[in-house]
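# Commentary on secondary and tertiary structure
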Amino acid sequence: MELAVEMRNITKTYPENNLRANDGIDFSLRKGEILCLAGENGAGKTTLMKVLYGLESHEKGTIRIRGNQENISSPLVANRLGIGMVHQHFMLVEDFTVAQNVVMGIEPRKYGIAYDLKKAVSLVNEAIAHHHFSIEADMLVRNLTVGQKQQVEIIKMLYRDVDILILDEPTTVLTELEIEALFSSLKQLAKRGKSLILITHKLKEIIAISDRVVVMRQGKMLGTYETKDVNEQQISALMMGKSISLSIKHAKRTDESQPVIECKKITVLRQGQERPLLKDLNFTAYSGEILGFAGVSGNGLGVLEAVLGGFIPVFDGKILHDGNDITNIGTAQLRRQGLAYVPSDRLQIGSSLKASVQENIIVGESRSFRKNGFIDQRQVTKHTNDLLEKYSTKGTAQMPIGTMSGGNIQKVILAREIERYQDYIVFSEPTWGLDIASSQFVYEQMASLRDKGAAVILISSNLDEILTISDRIIVLYRGTRVASFVGDEARNLSKEEIGEYMLGIRKQGASHV
Amino acid sequence: MSEKRNPTSKNAFPTLKESIGSLLIVLIALSGVIILSFLLSKTPSKTLRYFFLGPLQNAYYFGNMLNGAIPLIFGGLGISLAMRSGNFNLGGEGQIYSGALATTLFALYLAPLGVVGAILALFIGAFVAGGLAGLSGYLRMKWDTSELITSFLISNAVVLVVNYLIAGPFMDPSTSLIATRKIPESFRLPVLLPPSSLSTALFFALVAVIIVHIYLYKTKSGYQLRMTGLNSRFAKYGGINTRKFIVLPMFLSGFLYGLGGGFAIYGTYFSSIKEFSAGMGWNGLAVALIAKNKPSMVIPAALFFSYIEAGARSAMLHSDVTFEIAAIVQSIVFFLISSEVLFTLFEKKRRYS
C-alpha cells in the first residue's frame, strides 16, 4: 500500500532538560487512512508531529513524504508538501470572517494587488460545501462555537490543498454531538484520499474512528496495531505501562478526621463553550488524609486547580473551608484564610524567575515585614537561609531563582508553601519533570504533612503518583466525578483498572461515595 | 538584567555588565555630536570645544546644566516607578505641565499662609498630576484599557487645556509673556550658584531619589510593586492585590512628575509660562530608560541629558550651529534606547511563546 508519510528512527532531545522526547521512532501513515497516535501526557506524541510539521528539528532520522526524502525545516515547507496541522488551541482572528481567516496569507487578488474579498467568500463557500461542513464563509469567527471554529481550522488547511492532515487532541473541547459531526467529516475526508493523523488519548475515539493505532510511551514507540485487532483494555494497558513502586505508608481516616475543604456541586463554565469544564463536582477533603484527583489532561484537573487557587470563579455551587464559605473570594483572600498551594506551573505561577530566592520566599508572608511597612531584612535573610538548609536546597538567598535547577526551584516553592500551611495544602503535578530522588523527597514531605494532620489535596495526571501516595482517590472524566476509591480499595487498585475510569470506559454507579 | 535585584541596598549601583548597554548608547550619541559638528559647522573644532566644555566653563553654564537636570530627575523617577510595576506612563508632558500650573495658582492663592501654603500648593500640584496618571491606571484596572495609550491621550488633551488656562483666565496682562502671575517672593527657593538659576530644588530632587529607592527596595509596598511588575501571575498567586499595583504606581508616577513641575516653578520660572515644560516629560522617559529604571542611576542619566542640552546651547551661542543639534542627539539616544527596549520585549515574547 502507498505510504503518505514514512518516518525512520526519529530522535529528538530537548536541550533544556535533556529529555529524550522521541527515541528512535519509526512511524508510517498510509494514504487515505485515519491513524490515531495514542499515549499518556509526555509520551512524545505532539513532539513527533511537530517534527513532521517542521515546528521542531530532530537530531537523527529521516522523513519521506510520498516516497521522497524531505527536509522539513518549517511549517511553510510542510504546507508546500501538502502537510497541515490543526492545533489544540485555535489560531484564528476573532474579528475576521471565516473567509478572511481561511484565505489569510494566500488571499485571492484583483488587478494583481487588491484583496478580492468577494472571490474569497465564494471560494471558501465552495470548499465548505465540497466537504459538507456546517459553517458559512461570511460568518464572524467571534460568533462561532468551539466546534465551528475547529471546522474553520480544518477548512483553512484543506483550502491549502493539504492531503496529510494532523489534528492535535481535536475532541478535547467538543461536546458529544460536535465530536460525532467532526468524525463523520473526517471519515469523508479519508474517503476522498486524504490521510489523517489524530493525536489523542481517548480510547473510545480511537476505536470509533481509526484504521490503525500507534501507541507511544515515554518517548518510545510501542507498536502499530490494526484497530480492529485490539480492544480498549489492551490499548490502555500499553499506554499506562508497568508501575514503578515508591513506598509511602498510607493512613486510615480516623474518627478524629475533620472535614477541611468541602466542595458542593461546583460547576465551572467557559464562555463560548457548551460543555462545562467542571460539572456538579462534590468532594470533601479531610484532615490527616491525602486526597488524590486523577484524570487525563483536559478532563478538569487543571480547572479544579484554578478553582482551588482562586484564579477562576465557579458558576454554581459552594466551597467551604472549616465550615466558612470561601466561594469565589479570590486568591489574595484565600491566601489570608490559609491557602497553601504548590501550582503545576512552577515557572510562570509558582515563582518569579528574575526575582531572587528570598524575594520568592517572602511573598505573602507576614513575619518578614515590620508593622511600619518596612522589610525586616535580617529576618528575611535568616528565614531564607533556614529554609534552604532545612530543605537541603543548593543556592543562596540573593541569587535569581531562575538560575536554579528545576528540582531546586520546586524545593523552594515547597518550602515556602509548607511553611505557611495551616490546615490544608494543594499540590498540583508536584513531581512533573523531577527525577526519582526529588520525587521521593516531595512524597515524603506530603506524607509528613498528612501525618501532622493536614488535609492534603493532590491533583495529578501521573497515575503512579496517585496510586502511590493517595489515601483516597477521585477520578475525573470530562469534568465530572466518575469514580472514587477509599482505603483498601484505593490501595489494591490496579493501574489498568483506574485507567479505564480515567479514559471513560467504566463508570461507577451514583451510589458510590 | 536590571531586574535581578534584591531588597538589600548593597548593589544600588549597577555592575559594569549591566550598564554596558547604556554606556554604549551614550558613546554612540556623543559620536553623533562629533559627526554632526563636522557636517554642519564651518569650524567644527570650535563647535566641539564649546559643545563639550561649554557647560563646564563657568558657574552660569554649569549651574544651569544642573538646574536643567532637576525636572528630569523627578520625571525619570516617576517613569521608573511605573515601569517597575509593569505599567507605562506616557503622559509625563501633561502631568508636569498641569502640576506646575496647579502649584502656581495655589501658590498665588495661598500666599498669606507662608511656608505652609508653599508646601500645600506643591502637594496639590503633585496630586493633580498624580490623579491624571492614576486615572489611566484606574481605567486599566476597571476595563483593561491600555494605560500606555490613555495616559498619552489624556496628557495631550490636558496640555491644550493648560495652554488655554494660561493664555485665558489666568494670564497676567502686565507682562508681554503668555504666562500667569508670578508667585510671591517668599515662595521662591534660594539660588545656589548665582548668576545661574540653580536653586535648592536640587536637594529636593536628591531626597526624592533616596525616598523612591527606599520605597522600592525597603518597604513591603515597594516589594509588592516590583513583584507585580516582574511576574503578575506569581504576584497574584502569592496573595498580592495586583489590581492595586496598577493604580498606585501610576498615581505615584504622575505625583513625581507633578513635583517636578512644582519645583520648576518654585526654583526657576516663578510663573507658569506657556509651554515652558515642553519636552520635559519625554526626556524624563528617556532618562528612566537609560537608567534602566534604577532610582540611583536616574541622577547620572538626567545629568547626561541636561549636559547635551547645555552643550548645544553653548555651541549655538559661540559657534555657527543651531540648537537643533541637541534635539538630534537626544533623538538618537531615544531611538537607540527604544530599540533596545523593544529588543528585550521581543526576546521575552519569543522565549515564552
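Residues numbered from 1 in each chain as written. Chains lettered and ligands numbered in written order. Predicted model: local features only at pLDDT ≥ 70, side-chain atom pairs only at ≥ 80, totals over all residues. Heavy atoms only, no water.

### Describing the overall build of chain A
Helix and strand counts for chain A stand at 17 helices and 22 strands. Taken over C-alpha atoms, the radius of gyration comes to 25 Å for chain A, in line with the 24 Å a tight globule of 513 residues would show. Its C-alpha atoms give chain A principal-axis dimensions of roughly 75 × 50 × 45 Å. The buried share of chain A, taken over its 513 residues, is 56%. The long-range share in chain A, meaning contacts at least 24 apart out of those at least 6 apart in sequence, stands at 68%. For chain A, the accessible area works out to roughly 22,400 Å², and carbon and sulfur atoms hold 49% of it. (Helix = DSSP H or I, 4+ residues; strand = E, 2+ residues; numbered from the N terminus. Rg over C-alpha atoms; globule rule 2.2 N^0.38 Å. Buried < 20%, exposed > 50% of the residue type's maximum accessible area, 1.4 Å probe, protein only. Contact = heavy atoms within 4.5 Å. Areas by Shrake-Rupley, 256 points an atom, 1.4 Å probe, with all protein chains shown as cover.)

### Description of the domain arrangement of chain A
Residue and element names in this part refer to chain A. Taken domain by domain, chain A consists of domain 1 (3-240), domain 2 (247-338 + 421-513) and domain 3 (353-419). The C-alpha centroid of domain 3 is placed 27 Å from the C-alpha centroid of domain 2. If you look at the interface, domain 2 gives ten residues, while domain 3 gives nine residues. Both sides of the domain 2 and domain 3 interface together cover about 860 Å² of buried area, and 66% of this is carbon and sulfur. In this structure, the connection of domain 2 to domain 3 is made through one salt bridge. One salt bridge in this structure joins Arg 335 and Glu 417, with 2.8 Å as the shortest N-O distance. (Domains from an automatic or database assignment. Buried area = accessible area lost by both parts, 1.4 Å probe. Salt bridge = Lys/Arg side-chain N within 4 Å of Asp/Glu carboxyl O.)

### Side note on the sheet that holds strand β13 (residues 259-268) of chain A
All names here are of chain A. Spatial ordering of the open sheet is given by β14-β13-β16-β17, a layout of four strands whose pairing is antiparallel. Both edges of this open sheet fall to β14 (278-286) and β17 (324-325), since each of them pairs with a single strand only. Pairing geometry for β13 and strand β16 (residues 316-321), over five bridges, is antiparallel. Paired with Thr 267 across the strands is Asp 316, a residue of β16. Contacting β13, β14 and β16, helix α9 (residues 301-308) crosses the sheet at an angle of about 60° to β14. (Pairing = 2+ DSSP bridges. Axes fitted to C-alpha atoms, helices over the stretch in contact; angles between N-to-C directions.)

### Regarding the packing of aromatic side chains
The tally for this structure, following the rule as stated, stands at 20 aromatic pairs over all chains. Ring geometry for Phe 369 of chain A against Tyr 223 of chain B: centres 5.6 Å apart, planes inclined by 45°, an arrangement best described as tilted. Highlighted residues: Phe 369 of chain A in the loop between α11 (357-361) and α12 (377-390) and Tyr 223 of chain B in helix α8 (residues 220-230), drawn from two different chains. The same class applies to Phe 369 of chain A as to Tyr 223 of chain B, namely buried. With centroids separated by 6.3 Å and ring planes inclined at 75°, the aromatic side chains of Phe 304 of chain B and Phe 305 of chain B adopt a geometry described as edge-to-face. Judged by relative accessible area, Phe 304 of chain B falls into the buried class, the value being 11%. (Phe/Tyr/Trp six-rings, centres within 6.5 Å; stacked < 30°, edge-to-face > 60°.)

### Considerations on helix α13 (residues 406-420) of chain A
Relative to the 21 Å expected for 15 residues at 1.5 Å per residue, α13 of chain A spans 22 Å between its end C-alpha atoms, a close match to the ideal helical length. All of the buried residues in α13 of chain A are Asn 408, Ile 409, Gln 410, Lys 411, Val 412, Ile 413, Leu 414, Ala 415, Arg 416, Glu 417, Ile 418 and Arg 420 of chain A. (Expected span 1.5 Å × (residues − 1).)

### A short note on the nonpolar core
Residues Phe 27 and Leu 52 of chain A are the most contacted members of the largest nonpolar core, which totals 247 residues. The residues touching Phe 27 of chain A, leaving out its near neighbours within four places in the chain, are Val 5, Glu 6, Met 7, Leu 35, Leu 37, Leu 48, Met 49, Ile 197, Val 214 and Met 221 of chain A. (Core = buried A, V, L, I, M, F, W, Y, C linked by side-chain atoms within 4.5 Å.)

### Topic: the pairing of strand β12 (residues 220-226) of chain A
Where strand β11 (residues 212-217) of chain A and β12 of chain A come together, six bridges link them in antiparallel fashion. If you follow Arg 212 of chain A over to β12 of chain A, its bridge partner there is Glu 226 of chain A.

### Looking at the interface of chain A and chain B
The partner chain B presents 26 residues to the 35 residues of chain A that form the contact. By the criterion of area lost to chain B, the three top residues of chain A are Gln 348, Lys 354 and Glu 359 of chain A, representing 26% of everything that side buries. For Glu 359 of chain A, the salt bridge goes to Arg 226 of chain B, with nearest N and O atoms at 2.7 Å. Taken together, the connections running from chain A to chain B amount to eleven residue pairs in polar contact (both at pLDDT 80 or more). Listing elements by their share of the side of chain A that touches chain B, those giving two or more residues are α10 (331-336), β18 (340-342), α11 and α13 of chain A. Per-class residue counts for the side of chain A that touches chain B are 15 nonpolar, twelve polar and eight charged. (Polar contact = N/O pair within 3.5 Å; in protein donor to acceptor, adjacent residues only side chain to side chain. Nonpolar A, V, L, I, M, F, W, Y, C, P; charged D, E, K, R; others polar.)

### Re a nonpolar patch on the surface
Residue and element names in this part refer to chain B. A contiguous nonpolar surface patch, about 400 Å² in accessible area, is contributed by Val 115, Ile 119, Phe 123 and Phe 127. Its place among the elements puts Phe 127 in helix α5 (residues 115-143). With a relative accessible area of 48%, Phe 127 lands in the partly exposed category. (Patch = residues over 30% accessible without salt bridge, like charges linked within 9 Å, V, L, I, M, F, W, Y side chains within 5 Å.)

### Some points on the environment of Ser 199 of chain B
All names here are of chain B. By the secondary structure assignment, Ser 199 is in the loop between α6 (147-167) and α7 (201-218). Residue Ser 199 is classed as buried on the basis of its relative accessible area of 0%. C-alpha separation for the pair Ser 199 and Pro 249, spaced 50 residues apart in sequence, amounts to 28 Å. Other than its neighbours up to four places away in sequence, Ser 199 contacts Asn 67, Ile 70, Leu 189, Pro 190, Val 191, Leu 192 and Gly 267.

### Things to note about the pattern of salt bridges
Residues and elements named next belong to chain A. In total, this model carries 26 salt bridges over all chains according to the counting rule given. Measuring nitrogen to oxygen at the nearest pair gives 2.8 Å for the salt bridge that ties Arg 212 to Glu 33. Taken as a pair, Arg 212 in strand β11 and Glu 33 in the loop between β2 (19-30) and β3 (34-38) lie far apart in primary sequence, 179 residues in all. Just as Arg 212 is buried, Glu 33 falls in that class too. Notably, a salt bridge pairs Arg 142 with Asp 95, separated by 2.8 Å at the nearest N-O pair. Here the residue Arg 142 occupies a position in the loop between α4 (117-130) and α5 (146-159), and Asp 95 occupies one in the loop between β6 (83-86) and α3 (98-103), the gap between them amounting to 47 residues. A relative accessible area of 42% places Arg 142 in the partly exposed class.

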